[in-house]
Amino acid sequence: MMTTVAALSGALPLAFGTGTGAELRRPLGIAIVGGLVMSQLLTLYTTPVVYLYLDRLRRGHRRAR
């Protein structure tokens, strides 16, 4: 989470910046911010699901013995 927030903070000036050449940098900033947010959300939701699945698999394997 800390790494994502740090990278996000660094990309926000690209996404919301104004001035000379901002129209060229804005799409890059938006892509970085969107990618970081989506990857963080996917990680926060999929990691517990994987651990639950592995735990159920382990419990089923123990019962089979």
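The preceding data block contains the structure.
Residues numbered from 1 in each chain as written. Predicted model: local features only at pLDDT ≥ 70, side-chain atom pairs only at ≥ 80, totals over all residues. Heavy atoms only, no water.

A. Representation of the pattern of salt bridges in the model. One pass over the structure, following the stated rule, counts 2 salt bridges. Arg 58 serves as the salt-bridge partner of Asp 55, at 2.5 Å between the closest nitrogen and oxygen. Separated by 3 residues within a single helix, Asp 55 and Arg 58 lie in helix H2 (residues 22-64), roughly one turn from each other. The class of Asp 55 is partly exposed, set by a relative accessible area of 23%. In this structure, the salt-bridge partner of Asp 55 is Arg 59, at a minimum N-O distance of 3.3 Å. In this pair, Asp 55 and Arg 59 are both assigned in helix H2, 4 residues apart and thus about one turn of the helix distant. (Salt bridge = Lys/Arg side-chain N within 4 Å of Asp/Glu carboxyl O. Helix = DSSP H or I, 4+ residues; strand = E, 2+ residues; numbered from the N terminus. Buried < 20%, exposed > 50% of the residue type's maximum accessible area, 1.4 Å probe, protein only.)

B. Representation of the side chain of Gln 40 within the structure. Within the secondary structure layout, Gln 40 lies in helix H2. Contacts of Gln 40, omitting those with residues within four sequence positions, involve Met 1 and Thr 4. (Contact = heavy atoms within 4.5 Å.)

Remember that the coordinates give geometry; whether it matters functionally is a separate question.
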